[in-house]
Amino acid sequence: MRKLQQAGKRQTPARAALQIAVKTGLLRRCPNHWYYVDTQDKDALEHAFRLGNYLISHFAKPVACFKGDRQELADAILRCQKRAGTTCPLCSEERGKLPELRPH
């Protein structure tokens, strides 16, 4: 398995959840900009939860910041998904459309 944690950076819950979301295909990075967008793949959400649980069960460094709290990890993954729009705001702007944002 590829390393999830980048060398030299302190792992935070938000960063760990984002890495899991990207690795499982729940979120993807816009190829033209730095924004993450939701792939709207329900199987990827389940996969993200499973990977997070697996990493916590094996005391993996990328999720050590959660201190074994699976619910906190699941909530962090969901927050990442909610923050991401379904389209990149800059790409939408370039096409003359408003970005699709989710209501909070």
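The rules we used
Residues numbered from 1 in each chain as written. Predicted model: local features only at pLDDT ≥ 70, side-chain atom pairs only at ≥ 80, totals over all residues. Heavy atoms only, no water. Helix = DSSP H or I, 4+ residues; strand = E, 2+ residues; numbered from the N terminus. Buried < 20%, exposed > 50% of the residue type's maximum accessible area, 1.4 Å probe, protein only. Core = buried A, V, L, I, M, F, W, Y, C linked by side-chain atoms within 4.5 Å. Contact = heavy atoms within 4.5 Å. 1 Å grid on protein atoms, 1.4 Å probe; cavity = no way out; pocket = protein on both sides within 12 Å on 5 of 7 lines; lining within 4 Å. Points joined across faces, edges and corners; volume = space filled by probe spheres on them. Nonpolar A, V, L, I, M, F, W, Y, C, P; charged D, E, K, R; others polar.

> A description of unusual backbone geometry should follow, citing residues and the corresponding values.
Although it is not a glycine, Gln-40 adopts a positive phi angle of roughly 60 degrees. Tracing the backbone through its elements, the reader meets Gln-40 in the loop between strand 2 (36-38) and helix 2 (42-57). A positive phi angle is found at Lys-67, which is not glycine, with a value near 50 degrees. Among the secondary structure elements, Lys-67 is positioned in the loop between helix 2 and helix 3 (70-83). A relative accessible area of 77% places Lys-67 in the exposed class.

> Hey, could you go over the nonpolar core for me, with residue numbers and the actual values?
Ranked by size, the top nonpolar core spans 20 residues in total, and within it Ile-20, Leu-26, Leu-55, Val-63, Phe-66, Leu-73 and Ile-77 carry the most contacts. For this core, the leading source of residues is helix 2, giving six residues. Residues contacting Leu-73, with those up to four places away along its chain left out, are Ile-20, Gly-52, Asn-53, Ile-56, Val-63 and Phe-66.

> Before we move on, can you summarise the layout of surface pockets with the specific residues and values?
As a volume, the second largest pocket reaches approximately 250 Å³. Where the lining of the second largest pocket is concerned, the elements lending two or more residues are helix 1 (13-23), strand 2 and helix 3. The class makeup of the residues in the lining of the second largest pocket is 12 nonpolar, two polar and one charged.

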